[in-house]
Amino acid sequence: MRKTNRRRFLTSAATIVAGTTAASAVPFSSIRVKNPVAHHVFFWLKNPSSEEDRNRLIAGLKTLAKIPTVKELRVGVIASTEKREVVDTTWSVSELMFFEDLQGQATYQSHPIHQEFIKNCSHLWEKVVVYDSLDV
């Protein structure tokens, strides 16, 4: 009985090690990233102390998730992390989206929901900065 359990354990361990070794042998560059286009936008509110304006902008941003080419949407506010010279805490709200490809991002730009968001919320911000990137 004891040898059977040991044999079963050793067989399982060898299988796990072989699987782990095979998985680590796959080059990272050959792994297809599901949504490789990131669209990160930072908004500076005209009235940064207005919780109502911030909440209206957040609500407006969340409507963008209904656009079919938007695969993932994150809306955020400044985190209370360590203050460092390289950390910019001057913005009010951020939005991070992911798309399958550049065509999906281009479709988003002209989509009626995005245009409606701009129409309804652009009066809330004084500055917007956009960072678009591709996974490498």
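The structure this text deals with has already been given above.
Residues numbered from 1 in each chain as written. Predicted model: local features only at pLDDT ≥ 70, side-chain atom pairs only at ≥ 80, totals over all residues. Heavy atoms only, no water.

*Asks:* I would appreciate a short explanation of the sheet that holds strand β3 (residues 93-99) in the present structure.
*Replies:* Ordered by their spatial adjacency, four strands build an open sheet running β2-β3-β1-β4, and the pairing between neighbours is antiparallel. Only two strands of the sheet have a single neighbouring strand rather than two, namely β2 (72-77) and β4 (125-134). The sheet shows a mean angle of 15° between the axes of neighbouring strands, direction not considered. In this structure, strand β1 (residues 37-45) lies alongside β4, joined through nine bridges in antiparallel fashion. Residue pairing across strands places Phe-43 opposite Val-128, the latter belonging to β4. Its contacts with the sheet put helix α2 (residues 51-62) on β1, β2, β3 and β4, and the angle it makes with β2 is roughly 170°. (Pairing = 2+ DSSP bridges. Helix = DSSP H or I, 4+ residues; strand = E, 2+ residues; numbered from the N terminus. Axes fitted to C-alpha atoms, helices over the stretch in contact; angles between N-to-C directions. Contact = heavy atoms within 4.5 Å.)

*Asks:* What is the right way to read the packing of aromatic side chains from this model?
*Replies:* A ring pair, where both rings are aromatic, is described by two values, the distance of the centres and the angle of the planes. One pass over the full model with this rule turns up six aromatic pairs. Between the aromatic rings of Phe-42 and Tyr-131, the centroid separation amounts to 6.0 Å while the plane-to-plane angle is 80°, which identifies the pairing as edge-to-face. In this pair, Phe-42 sits in strand β1 while Tyr-131 sits in strand β4, placing the two residues 89 residues apart along the sequence. Arranged with centres 5.6 Å apart and planes meeting at 35°, the rings of Phe-117 and Trp-125 form a pair that is tilted. Trp-125 carries the same exposure label as Phe-117, and that label is buried. One aromatic cluster is present, built from ring pairs that chain together Phe-42, Trp-91 and Tyr-131. The side chain of Lys-127 reaches across the aromatic face of Trp-44, ending 4.4 Å from its centre. (Phe/Tyr/Trp six-rings, centres within 6.5 Å; stacked < 30°, edge-to-face > 60°. Buried < 20%, exposed > 50% of the residue type's maximum accessible area, 1.4 Å probe, protein only. Lys NZ or Arg CZ within 6 Å of the ring centre and 35° of its normal.)

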